[in-house]
Amino acid sequence: MKNLTVIIPFYNEEKFIEESLLRVIESNIADEIILIDDGSTDNSFNIVKDIIDSISYVKVIKNKNNFGKGNALNSARKYINTSHVVIHDADLEYNPRDILKMVEKSKFSPNSLILGSRFKGHITRKNLYKRTYYANKLMSLLFSFVHNFKVSDIATCYKLMPSKFFKNLNVNEKGFSIEVEILAKFLKYNKSIIEVPISYQGRSYEEGKKIKSIDGIRYILKTFKYKFLD
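Each chain carries its own residue numbering, running from 1 in the written order of its sequence. Reporting in this predicted model follows two pLDDT cut-offs: at least 70 for local features of residues, and 80 or more for side-chain atom pairs to be given and counted; totals over whole chains, interfaces and linings ignore these cut-offs and use all residues. The side-chain quantities take in all heavy atoms of the structure and omit both hydrogens and water.

Novice: For this particular structure, what's the right way to read the pairing of strand 5 (residues 113-117)?
Specialist: With five of five residues buried, strand 5 is to be regarded as a mostly interior element. The two faces of strand 5 match: Leu113, Leu115 and Ser117 on one face and Ile114 and Gly116 on the other face are all buried. We call two strands paired when DSSP finds no fewer than two bridges between them. Numbering of helices and strands starts at the N terminus; helices are DSSP runs of H or I of at least 4 residues and strands are runs of E of at least 2. When strand 5 meets strand 7 (residues 193-197), the two strands line up parallel, connected through five bridges. Of the residues in strand 7, the one forming a bridge with leucine 113 is isoleucine 193. Where strand 5 lies against strand 6 (residues 159-162), two bridges are found, and the strand directions are antiparallel. Within strand 6, the residue paired with leucine 115 across the bridge is lysine 159. For each residue, the accessible area found with a 1.4 Å probe, counting protein chains only, is set against the maximum for its type, and the residue is called buried under 20%, exposed over 50%, and partly exposed in between.

As structure tokens, this is what we get:
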């Protein structure tokens, strides 16, 4: 792998965006960082601007309206100048140091998608909601069956992929179903997904967790949609 862009979409994350961004910067994994403010109405954008003013390899894009994570990722495509890209959510559920392990795998399989799995390996993780934990496992089993390729964690944020794939990927989904869309489309591009165990510190709904039960139903529907449609 030559170099890496970290994309950080965010919406109303003023409580967490500073620490989340600093974690990425301090982990020293990125050749460039692209933040996309998807129409935040709080102070998130100003917090980011204050941090990055003196950092040349970090840029922030501000969308006027909130159209969802998929739209935010589409906004970042034309700014990517590296061989690979990884997505990092702006909350504190994921640790960017885990991306280092994904980068190492990518060096030996540069055309593969490296997926950070929250179910692989013997790592202590914080899962606050058992229903979400088991729902993720069941949805991953369904996806694996439908797409005839075993994936242990389809809902994970951490996906490191070749930029030539990502820059030609037009994300249709606006919400959390983008995770299914990206994986399904990558399997049509190159049937090679390599999983790496990662840590996870799930946050509560009181802390700003946004995924809902309806998103699980959408995951199931989109699993079939992107098997048979583009």
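Right, picking up where we left off after that structure.
Novice: Even after reading the chapter, I still don't get the packing of helix 1 (residues 17-27) against helix 2 (residues 44-52), so can you show me in this structure?
Specialist: The relative placement of two packed helices comes down to the angle between their axes together with the axis-to-axis distance. Interaxial angle, 0 to 180 degrees, is taken between N-to-C directions of lines fitted to C-alpha atoms, where a helix line uses only the stretch in contact. Their axes nearest at 9 Å, the elements helix 1 and helix 2 cross at an angle of 35 degrees. For the pair helix 1 and helix 2, the sense of crossing is right-handed. The residues of helix 2 that touch helix 1, namely those facing Ile17, Glu18, Leu21, Leu22 and Ile25, are Ser44, Ile47, Val48, Ile51 and Ile52. For this scheme, ten residues count as nonpolar: Ala, Val, Leu, Ile, Met, Phe, Trp, Tyr, Cys and Pro. Four count as charged, namely Asp, Glu, Lys and Arg, and the remainder, Gly too, count as polar. In terms of residue class, the contact of helix 1 with helix 2 is built from eight nonpolar, one polar and one charged. The sense of a crossing depends on the near helix, which, turned anticlockwise from the far helix by less than a right angle, makes the crossing left-handed and, turned clockwise, makes it right-handed. Any two residues having at least one pair of non-hydrogen atoms within 4.5 Å are treated as being in contact.

Novice: It is not clear to me how the environment of leucine 100 should be interpreted in this structure. Could you clarify?
Specialist: Looking at the element boundaries, leucine 100 is found in helix 4 (residues 98-108). In this structure the C-alpha to C-alpha distance between leucine 100 and glycine 175, which are 75 residues apart in sequence, comes to 27 Å. Among residues more than four places away in sequence, those in contact with leucine 100 are Ser27 and Ile29.

By themselves, these observations are geometric and do not establish any function.
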